[in-house]
Each structure stands twice: as C-alpha cells, then as structure tokens.
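# Summary of structural features
Here is what each chain is made of, one letter per residue.
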Amino acid sequence: MATSALDFEVGDYVVYPKHGVGRVVELQNEEIAGMQLELYVLRFEKEKMTLRVPTNKAEGVGMRKLSSDKTLKDALKTLEGKPKVKRTMWSRRAQEYEAKINSGDLISIAEVTRDLFRADDQPEQSYSERQIFEAASSRLARELAAMEKTDEPAALEKILVILNKAAAIWNAAKEEENA
C-alpha cells in the first residue's frame with residue numbers, strides 16, 4: 001500500500017469514479033487527528049472543485065490513471081453497438097445508469113451514453129434521461145479529451161458523430177425488419 005504514493009505525479013490526469021477526470025495539482029503532508037497523512041490534491045476544473053485524497057486510500061476509492069488506448073478504443077466501439085433498451089421501470093434503470101457512471105469504468109459509461117442517446121429523428125428523451133445522458137457523455141468526453149489532448153466540446157462532438165452514424169445504421173436495420 002505504501003508504494004501507491006508513487007502512482008500519481010503532480011500534473012497527472014486521474015479519474016476519480018464519482019467526479020470524473022481531475023488533475024493532481026499537489027502532494028501535501030498534513031497532520032489530521034494527530035496522524036501524518038500524505039494527500040493527493042486533485043483539481044476538477046469543470047466542477048471548480050478541489051479534492052484531497054489520502055495516498056493510501058487512492059486505490060481503495062477507485063482512483064486510477066486515464067484509461068489505456070485499448071480501453072478507449074473499446075469504449076468508442078461500444079458507442080457503435082446496438083442500444084440496449086430495457087423494459088424495467090425507469091427508477092430502477094436510472095439507478096443502474098448512475099451506478100455505471102459512478103463506477104468510473106469507461107466502457108460502462110459508454111454503454112450508458114449509447115443506450116440513452118436519441119438521434120434527431122427519434123422520440124425525445126425525458127428530462128431525467130437527458131440529465132443522465134449528459135452526465136455520462138460529459139464524463140466520457142472529459143476522459144477522451146484528456147487522452148487526446150483536446151477540449152471537452154471537441155471530444156463530445158467526436159462522440160456525437162459516432163452515435164449519430166450508429167443510430168442511422170440501427171434505424172435502417174429496424175426499418176428493414178418492419179418492412
């Protein structure tokens with residue numbers, strides 16, 4: 001456990017499951033309740049939030065480096081897949097979607113983004129579906145942006161292009177089935 005302090009350097013982008021992509025801005029040593037603690041100081045620009053994480057707890061809370069290129073490719077491939085439409089109650093689905101987003105797992109976040117995406121020619125989302133879709137797509141875009149050294153709007157545009165192409169393919173397949 002003591003070696004995990006070496007996992008992240010100042011300036012590294014990291015993923016904190018509940019908050020998404022942040023940057024290690026400082027390593028601090030503080031005395032808290034009579035104990036010396038080494039802390040990662042993370043900055044989340046979008047939320048304008050700073051978080052202090054004890055270095056020995058970073059792994060336990062699921063803090064990780066940005067995804068590998070392979071994981072990113074797999075997540076973008078997931079966006080191209082057929083959306084899974086579950087027929088369970090919305091409250092249960094919403095909980096599942098939130099859990100996937102908060103897991104910090106890029107492929108799970110891509111699944112939520114894909115499943116809740118609606119192309120312009122599809123029925124509109126409810127307010128809560130749109131909120132969860134925006135949370136998932138924003139989380140995905142921030143990690144993509146950090147990995148491709150671009151900004152969130154450009155990364156989100158790339159995601160939406162993939163989703164719109166996939167929607168056109170799946171809608172055409174559905175129309176052929178119904179014909």
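What counts and how
For every chain, the first residue of the written sequence is number 1, and numbering continues from 1 onward in sequence order. Per-residue local features of the predicted model are confined to residues with pLDDT of at least 70, and side-chain atom pairs are confined, for both listing and counting, to 80 or more; whole-chain, interface and lining totals are unaffected and use all residues. Only hydrogens and water are removed before side-chain values are computed, so all heavy atoms of the structure are retained for them. At least two bridges found by DSSP between two strands is the condition for calling them paired. By definition, any uninterrupted DSSP run of H or I lasting at least four residues is a helix, any uninterrupted run of E lasting at least two residues is a strand, and each is numbered from the N terminus. The definition of a nonpolar core used throughout is a set of buried Ala, Val, Leu, Ile, Met, Phe, Trp, Tyr and Cys residues joined through side-chain atoms within 4.5 Å. Only protein chains enter the calculation, and the probe is 1.4 Å; a residue is then buried if its accessible area is under 20% of its type maximum, exposed if over 50%, and partly exposed in between. Throughout, a residue-residue contact means that at least one pair of heavy atoms, one from each residue, lies within 4.5 Å. By convention, a stacked pair of Phe, Tyr or Trp rings (six-membered ring in the case of Trp) has centres within 6.5 Å and planes under 30 degrees apart, an edge-to-face pair has planes over 60 apart, and any other such pair is tilted. UniProt positions are given in the numbering used here, feature names are shortened, and annotations may be inferred rather than shown by experiment. Domain delimitation in this document rests on an assignment produced automatically or drawn from a domain database. Computed with a 1.4 Å rolling probe, the buried area is the accessible surface lost when two parts are put together, summed over both parts. When a carboxyl oxygen of Asp or Glu is within 4 Å of a side-chain nitrogen of Lys or Arg, the pair counts as a salt bridge. Identification of polar contacts relies on pairs of N or O atoms within 3.5 Å, with a donor-acceptor requirement for protein atoms, meaning one able to donate a hydrogen and the other able to accept it, and with residues adjacent in sequence counted only if both atoms are side-chain atoms. Only Asp, Glu, Lys and Arg are considered charged in this grouping, and only Ala, Val, Leu, Ile, Met, Phe, Trp, Tyr, Cys and Pro are considered nonpolar; every other residue, Gly among them, is considered polar.

By the naming in an unreviewed UniProt entry, the chain is CarD family transcriptional regulator, taken from Parasphingopyxis marina.

### Side note on the pairing of strand β2 (residues 20-32)
Looking at chain direction, strand β1 (residues 13-16) and β2 are connected through four bridges and run antiparallel. Looking at the pairing, Y13 lines up with R23 of β2. Here β1 hands over to β2 after three residues, the two strands then running antiparallel side by side. Inspection of the sheet shows β2 paired to strand β3 (residues 35-44) by nine bridges, in the antiparallel sense. Note on β3: the bridge partner recorded for I32 is M35. Linking β2 to β3, which pair antiparallel, is a turn of two residues; within it A33 sits at a positive phi near 55°.

### Considering the nonpolar core
Among the nonpolar cores identified, the biggest contains 27 residues, and L79, V112, I132, L140 and I159 are the most heavily contacted of them. It is helix α4 (residues 127-148) that contributes the most residues to this core, eight residues altogether. Excluding residues that lie within four positions of it along the chain, I132 makes contacts with W90, A94, Y97, E98, I101, V112 and L116. Ranked by size, the runner-up nonpolar core spans eleven residues in total, among them V14, V24, L51 and A58.

### A look at the packing of aromatic side chains
Any pair of aromatic rings gets described here by the distance separating the centres and the angle formed by the planes. Counting across every chain of the model gives three aromatic pairs. Judged by centre distance (5.3 Å) and plane angle (80°), the rings of F8 and Y40 are edge-to-face. Taken together, the residues F8 in the segment before β1 and Y40 in strand β3 connect sequence positions 32 residues apart. Across the pair, Y40 and F8 agree in class, each one buried.

### Quick notes on the UniProt feature "domain: CarD-like/TRCF RNAP-interacting" (unreviewed entry) in the chain
Look at the UniProt record and you will see "domain: CarD-like/TRCF RNAP-interacting" (unreviewed entry) annotated at residues 7-117. What you have in residues 7-117 is 33% helix and 32% strand, and the ends, taken at the C-alpha atoms, are 35 Å apart.

### Observations regarding the side chain of T113
In this structure, T113 sits in helix α3 (residues 106-116). Excluding residues within four positions of it along the chain, T113 makes contact with L79, F133, A136, S137, L140, I159 and L163.

### A look at the domain arrangement of the chain
According to the domain assignment, the chain contains domain 1 (12-65) and domain 2 (69-178). Here the C-alpha centre of domain 2 lies 28 Å away from the C-alpha centre of domain 1. If you look at the interface, domain 1 gives ten residues, while domain 2 gives eleven residues. A per-residue breakdown of the area domain 1 buries against domain 2 is headed by P17, V21 and K46, which together make up 50% of the total. Inspection of the region where domain 1 meets domain 2 yields three salt bridges. Among the ionic pairs, E143 bridges to R64, the shortest N-O distance being 3.0 Å. Counting across the domain 1 and domain 2 interface gives seven residue pairs in polar contact (both at pLDDT 80 or more). Among the elements of the structure, β1 and β2 are those that each provide at least two residues to the side of domain 1 that touches domain 2. Of the residues in the side of domain 1 that touches domain 2, the class split is four nonpolar, two polar and four charged.

### Focus on the pairing of β1
Pairing geometry for β1 and strand β5 (residues 64-65), over two bridges, is antiparallel. Within β5, the residue paired with V15 across the bridge is R64.

### Brief notes about the environment of E59
When you line up the elements, E59 lands in the loop between β4 (49-54) and β5. Given the relative accessible area of 56%, E59 is considered exposed. Taking the C-alpha atoms as reference points, E59 and A94, separated by 35 residues in sequence, lie 27 Å from one another.

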